[in-house]
Structure formats: C-alpha cells, structure tokens
Amino acid sequence: MPATHTILTEIFQYVSSRSGDLEDWCVGVTSDPERRLFEDHRVNRGHGLWTFKWAETAQDARAVERELLRMGFWGATWGADRTSRCVYCYAITTRTRE
C-alpha cells in the first residue's frame, strides 16, 4: 500500500491535471469506493472525473482526508466506519450528490 504522502501526491496531481479549483472536488473515506462514488454520489463512471486510493490503515486514510480538506477540497470527516481505508475523490457536477 502506498504511504500517505504518496496518496496525497497522486490525488493532488490527478486533480491538478484536470481542474485547478480544489473546492470543486469532494473527498472522503470509505470501505467500498465503487458504491460510494457511483451509487451514493452518482458520479458518472465512464465520463466523470474520479479516483480512489487504498491506504495501509484507516488512520492513514483519515490523515490523507484531513490534509486534502485542509488544502481546500470539499467534504467532511464523517460517515465512514473506523475500518475504512480507501480515500476517494471526485469532481462535483450538477449531477453528483454530495
């Protein structure tokens, strides 16, 4: 599993290469990124902008989430259980549900 710094860098680079406005991207932590992204948040799997990365521990995932929120991403640190290790991120559109 990648280290927290690697996950932060990969997500930031993904977003930066597609849009400069961090507040237009939502970040969160989950144990089921496919359900969370494509069902709960209604991200378009084929045409939406999204990514997710698995952390080694739930604590690492939360640390990445907190840092991305501090940087200006949209989201909140609630909703996932204490075993969730996946950090996800997607571009907010008129069709997504936050």
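For the structure itself, look to the data block above.
No experiment lies behind these values; they were computed from the predicted model shown. (Residues numbered from 1 in each chain as written. Predicted model: local features only at pLDDT ≥ 70, side-chain atom pairs only at ≥ 80, totals over all residues. Heavy atoms only, no water.)

J.: Can you walk me through helix H1 (residues 4-16) in this structure?
T.: An α-helix turns once every 3.6 residues. As a result, residues three or four positions apart point the same way. With 13 residues, H1 ought to run about 18 Å at 1.5 Å a step, and its terminal C-alpha atoms sit 18 Å apart, in line with that. Those residues of H1 lying buried are Ile-7, Leu-8, Ile-11, Tyr-14 and Val-15. Along H1, the residues classed as buried sweep out an arc of 135 degrees about the axis, all on the same side. Projecting away from the buried face of H1 at angles above 90 degrees are the exposed residues His-5 and Gln-13. Those residues of H1 that are buried lie in contact with strand E1 (25-30), strand E2 (50-54), helix H3 (58-71) and strand E3 (86-91). (Helix = DSSP H or I, 4+ residues; strand = E, 2+ residues; numbered from the N terminus. Expected span 1.5 Å × (residues − 1). Buried < 20%, exposed > 50% of the residue type's maximum accessible area, 1.4 Å probe, protein only. Arc of directions from axis to C-beta. Contact = heavy atoms within 4.5 Å.)

J.: How should I be thinking about the packing of aromatic side chains in this particular structure?
T.: Aromatic rings considered in pairs are described by the distance between their centres and by the relative angle of their planes. One pass over the full model with this rule turns up four aromatic pairs. Ring geometry for Tyr-14 versus Trp-25: centroids 5.9 Å apart, planes at 85 degrees, classification edge-to-face. A residue pair is termed long-range when its members are at least 10 positions apart, and Tyr-14 in helix H1 and Trp-25 in strand E1 qualify at eleven residues. Accessibility assignment for this pair places Tyr-14 and Trp-25 in one class, buried. (Phe/Tyr/Trp six-rings, centres within 6.5 Å; stacked < 30°, edge-to-face > 60°.)

J.: Please clarify how the sheet that holds E3 should be interpreted in this entry.
T.: Sheet strands pair via backbone hydrogen bonds, and the direction of the pair is either parallel or antiparallel. Overall, antiparallel pairing links the three strands, which are arranged E1-E3-E2 in an open sheet. What marks the edges here is a single partner per strand, and that holds for E1 and E2. Recorded for the sheet is a direction-independent mean angle of 15 degrees between the axes of neighbouring strands. Sheet topology places E2 next to E3; five bridges connect them, and they run antiparallel. Looking across to E3, one finds that Trp-54 is bridged to Cys-86. In the packing of H1 onto the sheet, the strands contacted are E1, E2 and E3, and the crossing angle to E2 comes to about 175 degrees. Contacting E1 and E3, H3 runs over the sheet at an angle of about 165 degrees to E1. (Pairing = 2+ DSSP bridges. Axes fitted to C-alpha atoms, helices over the stretch in contact; angles between N-to-C directions.)

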